[in-house]
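Working through the structure, step by step
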Amino acid sequence: MKKKLLAIALAAWCGVASAEVVVGVSISETGNGASLGRYIANVIPLFPTEVAGEPVKYIVLDDASDPTTGAKNARKLLDEDKVDIIIGSSTVPVAIAQSSVANEVKTPIITICPIPIDTTKHAYSFAVPQPIPLMVNALLDHMQAQEVKNLGYIGFSDSWGEMNYNFAKNGGEPRGITVTTDERFARNDTSVNSQVLKVVSSKPDAIFVGGSGTPAALPQIAAVNRGYNQQIYHTHGVVNRDFIRVAGESAEGVIAPTGPVVVAEQLPDDNPLKETGMEFLKTYEGKYGEGSRNAFAAYAWDAGLLIQAAIPVALKVAKPGTPEFRQALRDAIESNKEVKGTHGVYSMSPTDHYGVDERARVLVTVEDGEWTIID
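Residues numbered from 1 in each chain as written. Predicted model: local features only at pLDDT ≥ 70, side-chain atom pairs only at ≥ 80, totals over all residues. Heavy atoms only, no water.

To continue, consider the packing of aromatic side chains. For the coordinates displayed, the defined rule picks out nine aromatic pairs. Centre to centre, the rings of Y153 and F208 are 5.6 Å apart; their planes meet at 65°, and the pair counts as edge-to-face. Pair noted here: Y153 is in strand β10 (residues 150-156) and F208 is in strand β13 (residues 206-210), with a separation of 55 residues, a long-range link. These aromatic residues form a ring-pair network of at least three members: F280, Y284, Y288 and W301. Here the basic side chain of R330 rests over the ring of Y124, its NZ or CZ set 5.7 Å away from the ring centre. (Phe/Tyr/Trp six-rings, centres within 6.5 Å; stacked < 30°, edge-to-face > 60°. Helix = DSSP H or I, 4+ residues; strand = E, 2+ residues; numbered from the N terminus. Lys NZ or Arg CZ within 6 Å of the ring centre and 35° of its normal.)

Now the structure itself:
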């Protein structure tokens, strides 16, 4: 297991070294979630080494896209490294496992994927990606406007695929949209031909793929190769260049929801997220090159912004490294309002640990190999 210690800083206060804030990070740098995790890994070195005069240390572990490893990572970060907060995985099954551990130990966790959060049971869990209903509803609105009546579904055979299916089905019915199939595939499958054949054979007006990352390209390619020429929709988990690279020409015309940062330059000047989005792109692409932007890198950036906004508030209550500080961090994340990120304006509450609204979504399509905003 790879472990990196990044950005270790020391500061003095009246001649006495002050405690440092310790942030644990679990990333799917290997395994089937690596196409997303590697962008998150890119962001950690860009985080500040000092916040509100307090040094910050980041401990980064690879969870290998595996829930068991992810849970072990969380346990190690909490029990051995004594972290004050965790930035969780971008892979839903992994992040769910980590969330359980963090809540057990009463340490805040911010995940880089939209896990289900019951705030009465998971008071220490937060998520920066837009919640699935917010994004699926944007797709369903588009489908309704295009008079889609029958929708074929194929998605991951895990919690991500299940959540997208349920929201598409339940949200589609009031709009007169019937989900005609429920086909599933594993993230590491190499063929989905039989499942796609069943979907295409149902003659749907459109197809919705409940996947993420490069594995979601598999049904996209298969459907196009079978001659399906109507609209194919995807989740916000595919909006990166790797999906287009793997799907190739078959990706042309795909529609997906995403955060505004992906198309920051295309946003109107009065969009509340244009400035923060452009600032992130300047920093990230300045480090990794023009066109290197990625929605998941921006999610990690937003997790950092939430932590940076919470630290000064928590420091008024307790010192880092204590249960009181961890509780204060949790409370600050939940109570801070209108924290501008790149994907959304975050205003968490005791009943909402996503904290975003419709300002956090735009619809994009693939046009000439690039993600382009749909007006």
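Alright, that's what it looks like, and here's the rest.
In this structure, S65 takes a positive phi of about 65° despite not being glycine. Note on placement: S65 falls in the loop between β6 (54-62) and α2 (67-79). Classification of S65 by relative accessible area gives buried; the value is 10%. Despite not being glycine, K203 has its phi angle at roughly 55°, a positive value. Inspection of the secondary structure puts K203 in the loop between α6 (193-201) and β13. Note on K203: relative accessible area 68%, which makes it exposed. (Buried < 20%, exposed > 50% of the residue type's maximum accessible area, 1.4 Å probe, protein only.)

Running from N to C, helix α4 (residues 132-145) and helix α5 (residues 159-172) point in directions that differ by 50°, and their axes come no closer than 10 Å. Put simply, α4 runs oblique to α5. As α4 packs across α5, the resulting crossing turns out to be right-handed. For the pair formed by α4 and α5, the contact residues are I132, P133, V136 and L140 on the first element and W160, M163, N164, F167, A168, G171 and G172 on the second. The residue makeup of the contact of α4 with α5, split by class, is eight nonpolar, three polar and no charged. (Axes fitted to C-alpha atoms, helices over the stretch in contact; angles between N-to-C directions. Parallel < 35°, antiparallel > 145°, perpendicular 65-115°, else oblique. Left-handed = near helix turned anticlockwise from the far one by under 90°. Contact = heavy atoms within 4.5 Å. Nonpolar A, V, L, I, M, F, W, Y, C, P; charged D, E, K, R; others polar.)

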